[in-house]
Amino acid sequence: MLLGFGWCHLRSSREAIRDARLSEIDQIEAEIDAADQKLWNEFRTWMEVSAESFIQWQLCESLNNENGLLTWCVSRNHRTSAVWEMLDWIVTHGPGSYGLFYCHDDEDTRERKYSGRHPQKDYDNVFRVHRLLHGELTELPDPFFGLVQGNIDPVHPYDRDDHE
């Protein structure tokens, strides 16, 4: 079972600001605003076509002083989910985006040989953190929850060596 929760500040590139002159800032910010709006429209279109009912998502184009706030959750019986394609889409199309995706996959074992997985590790009893930053998605260990069974949930009797 794949269970995941994520958030992202969905943004176009901010690189034009890096070397801008003060006299150029208003024009550059207007161009960034237009690029963000285009990104959000393209994201909504992509989600309408590509997403599945297992992903619940919300994009707030404007909330107080922030724009492009995306949240989502996913619950799926297997790792195969459009959530991975969604994250790839954001990496490719939203280079200024950043965020986190926490997920637990009880099928993420050595035997499954998922792409990019460490061949000697099992991740079936832990949450993993996927960090979106600078146009890259990086997988990291979760420093907060520890083991799912044994820390978050009690160990199930069928999983103990002492079942009667």
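Residues numbered from 1 in each chain as written. Predicted model: local features only at pLDDT ≥ 70, side-chain atom pairs only at ≥ 80, totals over all residues. Heavy atoms only, no water.

Turning our eyes to something else, we now look at the nonpolar core. Buried together is how nonpolar side chains tend to be arranged in soluble globular proteins. If you look at the biggest cluster of nonpolar residues, it comprises 24 residues, and the most contacted ones within it are Leu10, Phe43, Trp72, Val83, Met86, Ile90 and Phe101. Those elements that provide at least two residues to this core are strand E1 (2–9), helix H2 (25–50), strand E2 (55–60), strand E3 (69–76), helix H3 (82–93) and strand E4 (98–105). With eight residues, H3 is the single largest residue contributor to this core. Non-local contacts of Met86, meaning those with residues more than four positions away in its chain, are made with Phe43, Trp46, Met47 and Trp72. (Core = buried A, V, L, I, M, F, W, Y, C linked by side-chain atoms within 4.5 Å. Buried < 20%, exposed > 50% of the residue type's maximum accessible area, 1.4 Å probe, protein only. Helix = DSSP H or I, 4+ residues; strand = E, 2+ residues; numbered from the N terminus. Contact = heavy atoms within 4.5 Å.)

Time to look at the pattern of salt bridges. Two side chains carrying opposite charge are able to pair once their charged atoms lie near each other. This model, assessed by the stated rule, comprises six salt bridges. Between Asp36 and Arg14 there is a salt bridge; the shortest N-O distance is 2.9 Å. Remark: Arg14 occurs in the loop between E1 and helix H1 (15–18) and Asp36 occurs in helix H2; sequence separation between them is 22 residues. With relative accessibility at 4%, the residue Asp36 sits in the buried group. Assessed through its relative accessible area of 25%, Arg14 is described here as partly exposed. With its nearest N and O atoms 3.1 Å apart, the salt bridge here joins Arg44 to Glu61. Linking Arg44 in helix H2 with Glu61 in the loop between E2 and E3, this pair joins segments that are 17 residues apart in sequence. In this structure Arg44 comes out as partly exposed when scored by relative accessible area, which is 26%. Judged by relative accessible area, which is 24%, Glu61 ranks as partly exposed. (Salt bridge = Lys/Arg side-chain N within 4 Å of Asp/Glu carboxyl O.)

Per the stated rule, a full pass over the model turns up eight aromatic pairs. Residues Trp7 and Tyr98 carry aromatic rings whose centres are separated by 6.1 Å and whose planes lie at 85 degrees to one another, so their mutual orientation is edge-to-face. Taken together, the residues span a long stretch of sequence, with Trp7 in strand E1 and Tyr98 in strand E4 at a distance of 91 residues. Ring centres of Trp46 and Trp89 lie 6.4 Å apart, and the angle between their planes is 35 degrees; on these two criteria the pair is classed as tilted. Of this pair, Trp46 sits in helix H2 while Trp89 is found in helix H3, placing the two residues 43 residues apart along the sequence. The two residues Trp46 and Trp89 agree in class, both being buried. The structure contains a cluster of three or more aromatic residues connected by ring pairs, namely Phe43, Trp46, Trp57 and Trp89. (Phe/Tyr/Trp six-rings, centres within 6.5 Å; stacked < 30°, edge-to-face > 60°.)

Let's shift gears to the sheet that holds E2. Here six strands make up an open sheet; going across it, the order is E2-E3-E1-E4-E5-E6 and the pairing antiparallel. Two strands bound the open sheet, and with one partner strand each, they are E2 and strand E6 (136–141). Mean inter-strand twist for the sheet, computed between neighbouring axes without regard to direction, equals 15 degrees. Contacting E2 and E3, H2 runs over the sheet at an angle of about 165 degrees to E2. (Pairing = 2+ DSSP bridges. Axes fitted to C-alpha atoms, helices over the stretch in contact; angles between N-to-C directions.)

To continue, consider H3. Taking 1.5 Å per residue, twelve residues should reach 16 Å; H3 reaches 16 Å between its end C-alpha atoms and fits that length. For H3, the complete set of buried residues consists of Ala82, Val83, Trp84, Met86, Leu87, Trp89, Ile90 and Val91. (Expected span 1.5 Å × (residues − 1).)

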